[in-house]
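Residue-level listing of the chains:
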Amino acid sequence: MSSSDRAEFGAYLRRLRAAMSPPDAQGGVRTSRRRVPGLRRQEVSDLAGMSVEYYTRLEQGRAPHPSREILDSLARAFALSDAERDHLFRLGGEPPPGPASPASVIRPGLLRLLRGLDDTMPVTVHDGRLDLLARNRAAEELLGPLTGDGRFERNLAYQAFTTGVLTNLLGGDGAARFLRAAASELRTALSRYPDDAYLRSLLAELTENSQSFRDHWRHGEVGTARSAIKQVRHPTHGWARFEIEMLHDPERDHWIMLYTPQDDASFLAPDGRPGEGAM
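Computed from a prediction, not measured in an experiment: that's the story for all the values here.

Quick notes on the rules
- Residues numbered from 1 in each chain as written.
- Predicted model: local features only at pLDDT ≥ 70, side-chain atom pairs only at ≥ 80, totals over all residues.
- Heavy atoms only, no water.
- Axes fitted to C-alpha atoms, helices over the stretch in contact; angles between N-to-C directions.
- Helix = DSSP H or I, 4+ residues; strand = E, 2+ residues; numbered from the N terminus.
- Left-handed = near helix turned anticlockwise from the far one by under 90°.
- Contact = heavy atoms within 4.5 Å.
- Nonpolar A, V, L, I, M, F, W, Y, C, P; charged D, E, K, R; others polar.
- Buried < 20%, exposed > 50% of the residue type's maximum accessible area, 1.4 Å probe, protein only.
- Polar contact = N/O pair within 3.5 Å; in protein donor to acceptor, adjacent residues only side chain to side chain.
- Parallel < 35°, antiparallel > 145°, perpendicular 65-115°, else oblique.

K.L.:
How should the packing of helix α4 (residues 68-77) against helix α5 (residues 82-91) be read in this particular structure?
P.N.:
To describe two helices that pack against each other, one gives the angle between their axes and the distance between the axes. Contact geometry of α4 with α5 gives a least axis separation of 10 Å together with a crossing angle of 145°. Of the two possible hands of crossing, α4 and α5 adopt the one that is right-handed. Of the residues in α5, those touching α4 at Arg68, Leu71, Asp72, Leu74 and Ala75 are Arg85, Leu88 and Phe89. Looking at the contact of α4 with α5, its residues break down into five nonpolar, no polar and three charged.

K.L.:
Can you help me understand the environment of Asn136 in this one?
P.N.:
Following the sequence through the fold, Asn136 ends up in the loop between β2 (132-135) and α7 (137-143). Accessibility expressed as a relative area gives 3% for Asn136, which makes it buried. Within polar-contact distance, the side chain of Asn136 engages the backbone oxygen of Leu114 at 3.3 Å. Here Val123 takes part through its backbone nitrogen, which lies 3.0 Å from a polar atom of the side chain of Asn136.

K.L.:
Explain the packing of helix α2 (residues 41-48) against helix α3 (residues 52-59) here, please?
P.N.:
It is at 9 Å that the axes of α2 and α3 come closest, and there the two elements cross at 110°. Taken as axis vectors, α2 and α3 run roughly perpendicular relative to one another. Where α2 crosses over α3, the handedness of that crossing is right-handed. Of the residues in α3, those touching α2 at Arg41, Gln42, Val44 and Ser45 are Val52, Tyr55, Thr56 and Glu59. Of the residues belonging to the contact of α2 with α3, the class tally is three nonpolar, three polar and two charged.

Put into structure tokens, the structure is as follows:
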């Protein structure tokens, strides 16, 4: 950390300390009349489990680069929100900690968005493990029901490599590109959650039972694309071309896929190679 970085870090700690409510008498801490708002340095250092001398040096911008353990202790002491904690880590010169796992519940506002777009475009939501969490009525009509059952039935990578729906839905070339994307996105998920038991079990299941997955996995690709042009076989209208954009909710690690129908041709026969990319 440069001297200016340390100064900004110290200023943030002082603002956080000033914003905290002093403990009451029932908390066992002496609460004499205070000249300034917030906690004393000694009280913060006690909450964070560090010496008051070291904490004072942090506030004054005189301490060296704080460790991730120190930053985590400060975040707990100040009872920071995820956004505040992430800002503290960045000021301290460390990347913010990632979530232990994706959230299992979709924000209510996002669910309302899905329903509001029923008559406009298909929309799906999946999490950082590639599990499908929700889709609107237009997406259900376009993509059809999930097949199979069991623990991984809602996982996009599992569906791709263990069912036969892709070729009918995307055509031969489109299915091949989706399989490539599914393997690379699974690798991305595992790099984000390396100790996740669910993802490890999914990897073992696909490795054991799918030669196609083993072939794609050996390429070692990591998913990066967030937009694509895809042709999808609509069950009643035939081939339709969509522009797909993926939006990310980083706090919950949810991915929103918007299928925007192309203005020039909504339903057509497949021609050439539509763009690779988003699942």
